[in-house]
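The residues making up each chain are set out below.
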Amino acid sequence: MTTETTTEEMTEEEMTEEPAATGNIVETAMAADDFTTLTQALEAAGLVETLEGPGPFTVFAPTDEAFAALPDGQLDELLADPTGDLAQILQFHVIDGEVMAEDVMGMDGEMVETLQGAEFTVEVEGETVTLVDGAGNRITVIQTDVPATNGVIHAIDGVMMPPA
């Protein structure tokens, strides 16, 4: 005996689920309007292949505005030596595994190890998630749970720096 689920039988939760992922982390970032600088930096640093891999990965992705807020000339300096500091900084924004916003909300005070090898701290106050980087900068998560076939992207309003 088979049963069919009609729209009337679907729960409200099933009807309001996030859209399914259509591309990997890099393809998803490229398709979004806010990550042009990030995708250019990933290409320059040679990290596209890694983030197109099986994962899963969680990427705390700086928006174009976040990169624009760096001190004058810093982005140009980083892009001039993409496999040096730029690669380290970008890897500091990626963690192994798929960590959804609901999980991040329960991580207040936790240190999170990155692909770069260093850690940042997660702080949760109410509905606001702040990431504290190696330099003590406080970066806010501004968009969550952007699905990708090999993980998830959370947009942030700053560029995190690993410890010196």
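Residues numbered from 1 in each chain as written. Predicted model: local features only at pLDDT ≥ 70, side-chain atom pairs only at ≥ 80, totals over all residues. Heavy atoms only, no water.

1. Observations regarding the packing of aromatic side chains
Move 1: A full pass over the atoms with the stated rule returns two aromatic pairs.
Move 2: Arranged with centres 5.9 Å apart and planes meeting at 75°, the rings of F92 and F120 form a pair that is edge-to-face. With F92 in the loop between α7 (82-91) and β2 (94-96) and F120 in strand β4 (residues 119-125), the pair connects residues that are 28 residues apart, well separated along the chain.
Move 3: Using a relative accessible area of 1% as the deciding quantity, one classes F120 as buried. (Phe/Tyr/Trp six-rings, centres within 6.5 Å; stacked < 30°, edge-to-face > 60°. Helix = DSSP H or I, 4+ residues; strand = E, 2+ residues; numbered from the N terminus. Buried < 20%, exposed > 50% of the residue type's maximum accessible area, 1.4 Å probe, protein only.)

2. A closer look at the pairing of β4
For a regular strand, side chains alternate in direction, first toward one face of the sheet and then toward the other.
Move 1: The pairing of strand β3 (residues 111-113) with β4 spans three bridges and is classified as antiparallel. Counterpart to M111 in the pairing with β4 is T121.
Move 2: Between β3 and the antiparallel strand that follows it, β4, lie five residues; G117 among them carries a positive phi value of about 110°.
Move 3: Both β4 and strand β5 (residues 128-132) contribute to a ladder of five bridges, which runs antiparallel. (Pairing = 2+ DSSP bridges.)

3. Side note on the sheet that holds β4
Move 1: Taking strand neighbours across the sheet as the criterion, the seven strands line up as β2-β1-β7-β6-β5-β4-β3 in an open arrangement whose pairing is mixed. The sheet terminates laterally at β2 and β3, the two strands that pair on one side only. Put simply, the sheet's adjacent strands are angled 35° from each other on average, direction ignored. (Axes fitted to C-alpha atoms, helices over the stretch in contact; angles between N-to-C directions.)

4. Quick notes on α7
Move 1: Along α7, the residues classified as buried are P82, L86, A87, I89 and L90. Seen from one end, α7 has its buried residues packed into an arc of 160°, which puts them on one side.
Move 2: Contacts made by the buried residues of α7 are with α3 (36-45), α5 (64-68), α6 (74-80) and β2. (Arc of directions from axis to C-beta. Contact = heavy atoms within 4.5 Å.)

5. Notes on the nonpolar core
Considering soluble globular proteins, one finds that nonpolar side chains tend to be buried as a cluster.
Move 1: Counting 29 residues, the largest nonpolar core has L51, L90 and I153 as the members making the most contacts within it.
Move 2: Not counting chain neighbours up to four residues away, the residues in contact with I153 comprise I25, T28, A29, F35, V59, A61, T144, D145 and V146.
Move 3: Of all hydrophobic cores here, the second largest spans 17 residues; its members include M107, I139, V141 and M160. (Core = buried A, V, L, I, M, F, W, Y, C linked by side-chain atoms within 4.5 Å.)

6. Examining the packing of α3 against α7
A pair of packed helices is characterised by two quantities: the angle between their axes and the separation of those axes.
Move 1: Remark: α3 packs on α7, axes separated minimally by 9 Å, with the N-to-C direction vectors making an angle of 130°. In terms of orientation, α3 and α7 fall into the oblique class. Between α3 and α7 lies a crossing of left-handed hand. Residues L38, A41, L42, A44 and A45 of α3 touch α7, and the partners they reach there are P82, T83, L86, A87 and L90.
Move 2: Within the contact of α3 with α7, the residues separate by chemical class into nine nonpolar, one polar and no charged. (Parallel < 35°, antiparallel > 145°, perpendicular 65-115°, else oblique. Left-handed = near helix turned anticlockwise from the far one by under 90°. Nonpolar A, V, L, I, M, F, W, Y, C, P; charged D, E, K, R; others polar.)

7. As for the confidence of the model for the chain
Move 1: Chain-level statistics for the chain give a pLDDT mean of 89 and a share of 87% at 70 or above.
Move 2: Of the regions scoring below 50 in pLDDT, residues 1-17 engages in four contacts with residues more than four places distant in sequence or in other chains. (pLDDT = per-residue confidence, 0-100.)

8. Some details on the environment of E65
Move 1: Mapped onto the elements of the fold, E65 is located in helix α5.
Move 2: Taking C-alpha positions, E65 is 9.1 Å from F35, a pair spaced 30 residues apart along the chain.

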